[in-house]
Amino acid sequence: MRIVSLLPSATEMCYALGLGEQLRAVTHECDYPRPARAKPHATRNVLPAGITDPAEIDRLVAERMAAGQPIYELDVSLLEAIAPELILTQELCPVCAVSYQDVLAVARQLPGQPQVASLEPTSLGGMLADIERLGELTGRAECAAAVAAALRQRLDWIAGCVAEVAAEPVPVVCLEWLDPPMAGGHWVPEMVELAGGRDLLGRPGQPSRYVSWDEIVAARPEVLVLMPCGYDLERTVAQAELLRQTPRARELPAVRRGQVYAVDGSGYFNRPGPRLVQGVALLAAILHPELFDGLDPGAARCVPLTPLA
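Residues numbered from 1 in each chain as written. Predicted model: local features only at pLDDT ≥ 70, side-chain atom pairs only at ≥ 80, totals over all residues. Heavy atoms only, no water.

Draft legend 1. Local environment of the pattern of salt bridges. Enumeration over the complete set of coordinates arrives at twelve salt bridges. Taking the shortest distance from any N to any O, the salt bridge between E73 and R44 comes out at 2.8 Å. Within this pair, whereas E73 is found in strand 4 (residues 72-74), its partner R44 is found in strand 3 (residues 43-45), the two being separated by 29 residues in sequence. Judged by relative accessible area, which is 34%, E73 ranks as partly exposed. In this structure, E132 engages R152 in a salt bridge whose closest nitrogen and oxygen atoms are separated by 3.5 Å. (Salt bridge = Lys/Arg side-chain N within 4 Å of Asp/Glu carboxyl O. Helix = DSSP H or I, 4+ residues; strand = E, 2+ residues; numbered from the N terminus. Buried < 20%, exposed > 50% of the residue type's maximum accessible area, 1.4 Å probe, protein only.)

As structure tokens, then:
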């Protein structure tokens, strides 16, 4: 089967099911596992290159969304040459991938009119169900069931370890963007809960949302987790410096206690793929270090922000 993945999370699912050879093209953001980086890119970002300021990125994205303009474009010529039988995409977030309607329009023009499958989980259970659905679409149902079962087993194990010692959940705020601040939604609050925390601002199963610093301060998180969408650990650590320029941040118990953590959001929190389970493990290590053997230095890091300027 010739498969094109227009989602980094779907690309990871394909490799988890042994479908790497069938993947003929991926997105420009598909960087895991490493072999995916060598695949042809079926998409490109149309935002100006070189912009690093998060407020400017947010403004440009909002402007294009309001004007009905895309953030990503498809390489139609490449798709015509591949003649895929299955295209994996999503409808959930217009900022995360090529517009679903654009994908459908292009698919109708391709040789053989490939099947378009939309993978759009809003929870961990939905992510696991999508793995099984992908298995059914590609003739790997038995493998997919085994992969999903192993991931469920690990989630159950983490939750069980935490439940044995955690008398009260730790109050947590997870920020999926820093300027303007945005609280992580969809599966993130569920991840926090499984790890022994209580997400103070995220809404389970609901989209991420903008929040004010008044809301963040009023929530009084004891732990602040920074997971800006699309950022790896090093970029997140660099973005954490924005909090030094935010006077209200010094009011947070998390900042005063030295409990601010940068994580690899792109790898373990933003993409609804198999590595969300590792994200739960990272959160558990942050919230309950007495239970787990420290943080993976390549995935999470404590960011001391005191004293603030």
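Draft legend 2. A look at the packing of aromatic side chains. Tallying each qualifying case throughout the model produces two aromatic pairs. Measuring from centroid to centroid gives 6.2 Å for W157 and F292, while their planes differ by 75°, and the two rings are edge-to-face. Taken together, the residues span a long stretch of sequence, with W157 in helix 6 (residues 141-165) and F292 in the loop between helix 12 (276-287) and strand 13 (300-302) at a distance of 135 residues. Residue classification places F292 among the buried residues on the basis of a relative accessible area of 16%. Taken together, a centroid distance of 5.5 Å and an interplanar angle of 80° make the contact between W177 and Y231 edge-to-face. One end of the pair, W177, is in strand 7 (residues 170-178); the other, Y231, is in the loop between strand 11 (223-226) and helix 9 (233-239), with 54 residues separating them in the sequence. On the basis of relative accessible area, W177 is assigned to the buried category, the value being 11%. Residue classification places Y231 among the buried positions, given a relative accessible area of 4%. Directly above the aromatic system of Y32 lies the positively charged group of R275, at a separation of 3.7 Å from the ring centroid. (Phe/Tyr/Trp six-rings, centres within 6.5 Å; stacked < 30°, edge-to-face > 60°. Lys NZ or Arg CZ within 6 Å of the ring centre and 35° of its normal.)

Draft legend 3. Here's a closer look at the sheet that holds strand 2 (residues 23-25). Pairing is parallel across the open sheet formed by four strands, whose spatial order is 2-1-5-6. This sheet does not close on itself; its edge strands, each paired only once, are strand 2 and strand 6 (115-118). When strand polarity is set aside, the average angle formed by the axes of neighbouring strands in this sheet is 30°. Across four bridges, the pairing between strand 5 (residues 86-89) and strand 6 is parallel. Bridge pairing in strand 6 places I87 opposite V116. Its contacts with the sheet put helix 4 (residues 100-109) on strand 5 and strand 6, and the angle it makes with strand 6 is roughly 165°. (Pairing = 2+ DSSP bridges. Axes fitted to C-alpha atoms, helices over the stretch in contact; angles between N-to-C directions. Contact = heavy atoms within 4.5 Å.)

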